[in-house]
Amino acid sequence: MVSDSPAPAVPEIAIDQLCFSYGAKQVLHEVTLDIPSREITAFIGPSGCGKSTLLRCFNRINDRIPGAKVTGGAIRIAGIDIARPDLDLQVLRRRVGMVFQKWNPFPKSIFDNVAYGLRVHGEKNTKVIGERVEYCLRRVALWDDVKDRLKASAFGLSGGQQQRLCIARTIATKPDIILMDEPCSALDPLSTLKIEELLLELKNDYTIVIVTHNLAQANRCADKTAFFYLGKLIEHGPTVKIFSNPDVQQTESYVSGAFG
Amino acid sequence: MHSDTPHILREFDKAFASLRNEVITMAGQARLNLERAIHGLLERDLEKCKAVVADDDEVDDAELRIDRIGMETLVRFHPVASDLRQVITSMKVAANLERISDHAVNIAKRARKMLSRPECPEVPFIEPLYALADQQVRDALSAYTDRNSELGQSLQLRDKELDKMHKRLIATFSARLEEGGAGTEDFLHLIFVSRSLERIGDLAVNIGEDAVFLDSARDIRHEKHRASVAEGAAE
């Protein structure tokens, strides 16, 4: 039988019944969620609901926290279980880049910040590095601002520019997924909009997962939104649906500001 | 879905209460205008007819107030989900109420002209049409205030009954018109009064459809038309 319908897309990140604990305290309860490729997915929910913890599971940086561990379920990225003992964490973290709430450029030049990841991963060809740095700075709309001072310290840039530099640094190593933990929470409104515009442009090439307390930001940028409460995934779906007609009362209350 | 849980920001709830109260007050005024217009016609009461024309400004002002409060609520609080539907629906209901009141004014003006002439025995013929139109308006407003999508949707079906009654009346008045004679002008007025009542029924249907959207986020406007187009395309 021939079917015209396209094959169902394989999710970039498949989370299956994930449970996670910090010591004796369980913070994620059987979370099951598929995150599609080349889309922006926003995680929303009140503080302590587990959204940042889940985000940090995707590149296993929670592994560094004593007592923190996955106690059940699995996360598969492009079909591969990221808990596999033979998984090279460096490869995982190159594929799954991360941008943090507070921009954190290295105490190096603008150029070296972007080149850093390439060099760490063994790239020595200066022409390749130079081209990649320019490409990344152009992608984050920073090239025109910094092309004449690439050797200057990254700390001389504004907050919004430093955050965009961090995004350039993240995409330099050609990840498939970019994780963002409240990337705009310390930025002014115009810098925030520039980052959002950048996200919308980047999603053509990357799968983006963003944790945000800014519901308007989730509404503006995300294709899909997932609402978490007390470590549980309450509802997940197209952002328009979540903000216009959610299925679950708790979601409606939270997005309407009538929660608690 | 709608939650009665108050918003964390109490100003938001105050703005909502204000919007809702304005719509309810406006609805009362629009219905009163319609009632006085019809009673002015049936009872040959010139003062009632004059009052409708004079009080229409209040309804117009209410529409402007509701739009202003709605706009301010959108700008200040960025409502989403059922809150957003509440604001949008309230503004749309206000627009429909304003048009209902305009039709009441049209009826009152026709009535005023008829009062200057000898009494027309066929005037009471419009009473059942008014009763049905007014019932539709009442149910539409109940559907809006109670977020009752079932009641809101039922208006579409019941409007057909009103349309049939309107057609029968038009046929009756047209036949009398063709007969000629002293009452010709009255029948012309009665045809326009009937048309206004039929349009009021349509506006009630609009409000009912808005109530369905408010309650369940379903947009049932033009569903029949869309279904027939889809059917035609399938054939």
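Residues numbered from 1 in each chain as written. Chains lettered and ligands numbered in written order. Predicted model: local features only at pLDDT ≥ 70, side-chain atom pairs only at ≥ 80, totals over all residues. Heavy atoms only, no water.

Looking only at helices and strands, chain B has 7 helices and 0 strands in total. Mapped from its N terminus to its C terminus, chain B presents α and β elements in the order α-α-α-α-α-α-α. Looking at chain B as a whole, 46% of its 235 residues qualify as buried. Within chain B, contacts between residues separated by at least 24 positions form 82% of all contacts whose residues are at least 6 apart in sequence. Of the roughly 11,600 Å² of accessible surface on chain B, a fraction of 53% belongs to carbon and sulfur atoms. The distance from the centre of the 33 positive side-chain charges to the centre of the 43 negative ones in chain B is 1 Å. (Helix = DSSP H or I, 4+ residues; strand = E, 2+ residues; numbered from the N terminus. Buried < 20%, exposed > 50% of the residue type's maximum accessible area, 1.4 Å probe, protein only. Contact = heavy atoms within 4.5 Å. Areas by Shrake-Rupley, 256 points an atom, 1.4 Å probe, with all protein chains shown as cover. Lys, Arg positive; Asp, Glu negative; His and termini not counted. Charge placed at Lys NZ, Arg CZ, Asp CG, Glu CD.)

Further remarks concern the interface of chain B and chain A. In many reports, interface size means the accessible area that the parts give up when they come together. Listed per partner, the contact involves 15 residues of chain B and 16 residues of chain A. For the chain B and chain A pair, buried surface summed over both sides reaches about 1,100 Å², with 51% attributable to carbon and sulfur atoms. In this structure, the connection of chain B to chain A is made through 4 residue pairs in polar contact (both at pLDDT 80 or more). Here the side of chain B that touches chain A is built from residues that sort into 7 nonpolar, 6 polar and 2 charged. (Buried area = accessible area lost by both parts, 1.4 Å probe. Polar contact = N/O pair within 3.5 Å; in protein donor to acceptor, adjacent residues only side chain to side chain. Nonpolar A, V, L, I, M, F, W, Y, C, P; charged D, E, K, R; others polar.)

Turning our eyes to something else, we now look at the pattern of salt bridges. Proximity of charged atoms lets side chains of opposite charge pair with each other. Residue and element names in this part refer to chain A. All chains considered together, the criterion is met by 27 salt bridges over all chains. A salt bridge links Asp63 to Arg60; the shortest N-O distance between them is 2.7 Å. Classification of Asp63 by relative accessible area gives partly exposed; the value is 41%. Here Asp176 makes a salt bridge to Arg95, at a shortest N to O gap of 2.5 Å. Separated by 81 residues along the polypeptide, Asp176 in the loop between α6 (159–172) and β7 (177–181) and Arg95 in helix α2 (residues 89–95) bring together distant segments of the chain. What emerges from the salt-bridge pattern is a single network uniting Arg139, Glu201 and Asp205. (Salt bridge = Lys/Arg side-chain N within 4 Å of Asp/Glu carboxyl O.)

Residues and elements named next belong to chain A. As defined by bridge partners, strand β9 (residues 224–229) adjoins strand β10 (residues 232–238) across 6 bridges and the pair is classed as antiparallel. Bridge assignment links Phe228 to a residue of β10, and that residue is Leu233. In textbook terms, the turn of a hairpin is the stretch between consecutive antiparallel strands, and for β9 and β10 this stretch comprises 2 residues, one of which, Leu230, has a positive phi near 50°. (Pairing = 2+ DSSP bridges.)

With that settled, consider the packing of aromatic side chains. Each aromatic ring pair is described using two quantities: the centre-to-centre distance and the angle formed by the ring planes. All names here are of chain A. Taken as a whole and assessed by the stated rule, the structure comprises 9 aromatic pairs over all chains. Aromatic side chains Phe20 and Tyr22 sit 5.3 Å apart centroid to centroid with 80° between the ring planes, which places their arrangement in the edge-to-face category. Residue classification places Phe20 among the buried residues on the basis of a relative accessible area of 2%. Residue classification places Tyr22 among the partly exposed residues on the basis of a relative accessible area of 29%. With 4.9 Å between their ring centres and 25° between their planes, Phe227 and Tyr254 make a pair best called stacked. Here the residue Phe227 occupies a position in strand β9, and Tyr254 occupies one in helix α10 (residues 249–256), the gap between them amounting to 27 residues. Neither residue differs from the other here; Phe227 and Tyr254 are each classed as buried. Every member of this aromatic cluster is reached through a ring pair, and the members are Phe43, Phe58 and Phe228. The ring of Phe111 carries Lys151 above its face, with NZ or CZ at 4.5 Å from the centroid. (Phe/Tyr/Trp six-rings, centres within 6.5 Å; stacked < 30°, edge-to-face > 60°. Lys NZ or Arg CZ within 6 Å of the ring centre and 35° of its normal.)

Once that is clear, we can look at the side chain of A:Glu182. All names here are of chain A. Structurally, the position occupied by Glu182 is in the loop between β7 and α7 (189–202). It is Lys51 that comes nearest to the buried, bridge-free Glu182 among opposite-charge side chains, at 5.5 Å. Engagement of the side chain of Glu182 in a polar contact is seen with the side chain of His213, the distance being 3.4 Å. With residues near it in sequence (within four places) discarded, Glu182 still touches Gln101, Val211, Thr212 and His213.

On to the pairing of β9(A). All names here are of chain A. Extensive coverage of β9 is indicated by the burial of 5 of its 6 residues. In this structure, strand β3 (residues 40–44) lies alongside β9, joined through 4 bridges in parallel fashion. If you follow Phe43 over to β9, its bridge partner there is Ala226.

Next up on the list: α6(A). Between its terminal C-alpha atoms α6(A) stretches 20 Å, which fits the 20 Å expected from 14 residues at 1.5 Å a residue. Within α6(A), 13 of the 14 residues are buried, leaving the element largely enclosed by the surrounding structure. (Expected span 1.5 Å × (residues − 1).)

Quick look at the sheet that holds strand β4 (residues 68–77) of chain A now. Residue and element names in this part refer to chain A. Read from one edge to the other, the open sheet built from 4 strands follows the order β2-β1-β4-β5, with strand pairing classed as antiparallel. Here the strands that pair on one side only, and so sit at the sheet edges, are β2 (25–35) and β5 (80–81). In this sheet, β2 lies alongside strand β1 (residues 13–22) in antiparallel orientation, the contact comprising 7 bridges. By the bridge assignment, Ala14 is partnered in β2 with Asp34.

All names here are of chain A. Pairing within the open sheet is mixed, and its 6 strands lie in the order β6-β7-β8-β3-β9-β10. Single-partner strands in this sheet number two, and they are β6 (96–99) and β10. The average undirected angle you get between the axes of adjacent strands in this sheet is 20°. Taken together, the 4 bridges between β3 and strand β8 (residues 207–211) define a ladder with parallel strand orientation. Note on β8: the bridge partner recorded for Thr41 is Val209. (Axes fitted to C-alpha atoms, helices over the stretch in contact; angles between N-to-C directions.)

A separate point is the nonpolar core. Within soluble globular proteins, side chains that are nonpolar generally end up buried alongside one another. By size, the foremost hydrophobic cluster in this structure holds 61 residues, and its most contacted members are B:Leu97, B:Leu190 and B:Leu197. Examining the composition of this core, we find that 13 residues originate from one element, helix α3 (residues 81–115) of chain B, more than from any other. Residues contacting B:Leu190, with those up to four places away along its chain left out, are B:Leu41, B:Met114, B:Cys120, B:Glu122, B:Val123, B:Ile126 and B:Phe173. A:Val114, A:Leu215, A:Ala222 and A:Ile242 belong to the second-largest nonpolar core, a separate cluster that totals 50 residues. (Core = buried A, V, L, I, M, F, W, Y, C linked by side-chain atoms within 4.5 Å.)

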